[in-house]
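# Examining the three-dimensional arrangement
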Amino acid sequence: MILGQKTRKNFTQNPKNDILSGLTVALALVPEAVAFAFVAGVDPLVGLYGAFMMGIVTALFGGRPGMISGATGAMAVVMVHLIQKGNQVGVSLDTPIENLGLQWLFITLLFVGVIQILAGIFKLGKFVRLIPHPVMMGFVNGLAIVIFLSQLGLFPNAVPKDISFWSSTSEWLSALFTNSTFWKMMGFIGLTMAIMYGLPKLTKKIPAALIAIIVVACITIFGGIEMSTVGSFIKDGGGEGLQGGLPTFQDQIFNLFGTISGHWGLIFSTAFILAAVGLIESLMTLNLIDEMTETRGNGNRECIAQGSANMLNGLFGGMGGCAMIGQSIINVDSGGRGRLSGAVAAIALLCFVLFGAPLIEQIPIAALVGVMFMVVIGTFAWSSFRIIRKIPLSDAIVLIAVSAITVWQDLAIAVIAGVIISALVFAWKNATMIRARKRIQPNGTKTYEIWGPLFFGSIQNFNSKFDVKNDPQHVEIDFVESRVSDHSALEAIFNMVNKYEIEGKTIKLKHLSEDCKRLMYKASPKFKEVIIDAVDDPRYHLAADPEKFTKPLSEYNI
């Protein structure tokens, strides 16, 4: 009963909002899917089919209700080399095969799907929790800049390229202010943004983005205003239009495995990169939507859904994809919270291809650019300017670096670089935290009380704390406030024990937790001779298994 209620709640809490937001997202998906298809060098319909299949599978079975998936630029740029190489091989065959690169892409997507499904099965999605907040802020800032820059390609040339601003300033300004096409587009972009900003102040019952697109489209269509539309954008890029049929099963790919001979390395490397980029972008977007909706998604389930959707793309002729942060934000801001919103977006997109192409092709690009500009404003973490001087310098560097690398390279490289920088900073800070308090017991034994984590980064400081030659005959190392973390730490302790024994001195290790002792016994039998097991001190037991001691210390008979 409870499970059924939760399923219904995830599917939709407000059908009206989910349906309207889904329609809004579908309209915004069209130019994005087409543009990314052009980037990858494939037919626009392949991008639209990819957006439909990614959208419907992840909407119904993914780990984050309300998140939108489709064809993305981050994955499209990775596909370019594979498609070009496949086309070259296809032309050079004894019996030339046209568009072999596209067939190779379909085959590669099968492997992408397998990798992503395995990532979900082995619960690798949980590692997204290791991504620090500065990396997350850098991610959204960089992605906002990337979305903004991608929209600039939809603008007409404001000034002819042969006119230089520096050498012919007056001519450049004259050309700018007399370019009516450019200023018309700017005007309608401004109108779209104004509607999206002002309408929610009057009512939130209908998505502002959808109303803005409808109003601008009606003005341009019924007013007979000539400007760039979805249809002209597709045709200018070399496409024939939105009109198409249902995706068909690509059975021919199973007869083309022989053409890959000698190029399997390219197939597998591309598949791995696509899978990694797709999962990183999807899981980061999932985290962001979690924060926006104050709910929690399931990263492992999302991995499996993404993989299944990419396999379906390979089998039915789509270009694959992953979560789309821009469209996901549009959906959430428009009131879409349930799985219904993503399903409506995907089905509406397919309906545009099957039945609504003539109408959708008349929508002005300016309206869609205006919507995306509002997404950019909403996505960018403006608070980062306010806190940049208040956070640690290392976090500020990570934030800026991730933003820059996202724009310069791609999302996956940026996030990995940010996590590595953060990990190195964390390791360095912890390496400097190792301390040793020294005291002489009444029986003459010198005790070193170690405080701080002992791992690869701190062993040099650890070694510097000891005075082997001048220490008394009996020495103890007390680890009650430390923890042995890795092989480097084990090796450092082992070497220290050897140094004291070479000097003819006895050394004992005490207050090690059970997991530390297991590590050390496994590393060397010698540790059984120097580790003190029978220690009559309650701190030893608390260090070994703190979960068993839930009461205040004063309640125990010490």
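Treat the numbers as computed from the prediction; the structure is a model and nothing was measured.

Thresholds applied
- Residues numbered from 1 in each chain as written.
- Predicted model: local features only at pLDDT ≥ 70, side-chain atom pairs only at ≥ 80, totals over all residues.
- Heavy atoms only, no water.
- Helix = DSSP H or I, 4+ residues; strand = E, 2+ residues; numbered from the N terminus.
- Buried < 20%, exposed > 50% of the residue type's maximum accessible area, 1.4 Å probe, protein only.
- Contact = heavy atoms within 4.5 Å.
- Lys, Arg positive; Asp, Glu negative; His and termini not counted.
- Charge placed at Lys NZ, Arg CZ, Asp CG, Glu CD.
- Pairing = 2+ DSSP bridges.
- Axes fitted to C-alpha atoms, helices over the stretch in contact; angles between N-to-C directions.
- Patch = residues over 30% accessible without salt bridge, like charges linked within 9 Å, V, L, I, M, F, W, Y side chains within 5 Å.
- Areas by Shrake-Rupley, 256 points an atom, 1.4 Å probe, with all protein chains shown as cover.
- Salt bridge = Lys/Arg side-chain N within 4 Å of Asp/Glu carboxyl O.
- Expected span 1.5 Å × (residues − 1).
- Bend = angle between axes of the 7 residues up to and from the residue.

### Thoughts on the overall build of the chain
Check the secondary structure of the chain and you find 23 helices and six strands. Principal-axis analysis of the C-alpha atoms gives the chain an extent of 100 × 70 × 60 Å. Within the chain, buried positions represent 52% of all 558 residues. Taking the intrachain contacts of the chain between residues at least 6 apart in sequence as the baseline, contacts between residues at least 24 apart amount to 79%. Separation between the mean location of the 43 positive side-chain charges and that of the 39 negative ones in the chain comes to 8 Å.

### Some remarks on the sheet that holds strand S4 (residues 446-454)
One open sheet accounts for four strands, arranged S3-S4-S5-S6; its pairing is mixed. In this open sheet, the two edge strands, each paired with only one partner strand, are strand S3 (435-440) and strand S6 (506-510). Adjacent strand axes in the sheet meet at a mean angle of 20° when their direction is disregarded. Pairing analysis gives six bridges linking S3 to S4, with the strands arranged antiparallel.

### Thoughts on a nonpolar patch on the surface
Nonpolar side chains collect at one region of the surface, where Val114, Leu118, Ile121, Phe122, Leu124, Phe127, Leu130 and Ile304 lie side by side and expose about 770 Å² of accessible area between them. When residues in the nonpolar patch are grouped by element, the largest group, three residues, is from helix H5 (residues 100-121). Structurally, phenylalanine 127 can be placed in the loop between H5 and helix H6 (133-152). In this structure phenylalanine 127 comes out as partly exposed when scored by relative accessible area, which is 46%.

### Focus: helix H2 (residues 15-40)
Taking 1.5 Å as the rise per residue, H2 with 26 residues should run 38 Å; its terminal C-alpha atoms sit 36 Å apart, in good agreement. Of all bends in H2, the biggest is about 30°, found at leucine 29, and the proline proline 31 comes one to four residues later. Within H2, 19 of the 26 residues are buried, which leaves the element mostly enclosed by the surrounding structure. Just downstream of H2 lies glycine 41, where phi reads positive at about 85°.

### A look at a positive patch on the surface
On the surface, Lys123, Lys126, Arg129 and Arg296 cluster together to form a positively charged patch. If you trace the backbone, arginine 129 turns up in the loop between H5 and H6. Its relative accessible area of 60% is what places arginine 129 among the exposed residues.

### Considerations on the environment of threonine 270
Mapped onto the elements of the fold, threonine 270 is located in helix H11 (residues 264-293). Using a relative accessible area of 6% as the deciding quantity, one classes threonine 270 as buried. Once the C-alpha coordinates of threonine 270 and glutamate 503 are considered, the two residues, 233 residues apart in sequence, prove to be 57 Å apart. Residue contacts for threonine 270: discarding those within four places in its chain leaves Val78, Leu82 and Thr108.

### Here we look at unusual backbone geometry
Unlike most non-glycine residues, lysine 123 shows phi in positive territory, near 60°. Positive phi is not limited to glycine here, since glutamate 294 has a value of about 55°. Among the structural elements, glutamate 294 can be located in the loop between H11 and helix H12 (299-316). Given the relative accessible area of 74%, glutamate 294 is considered exposed.

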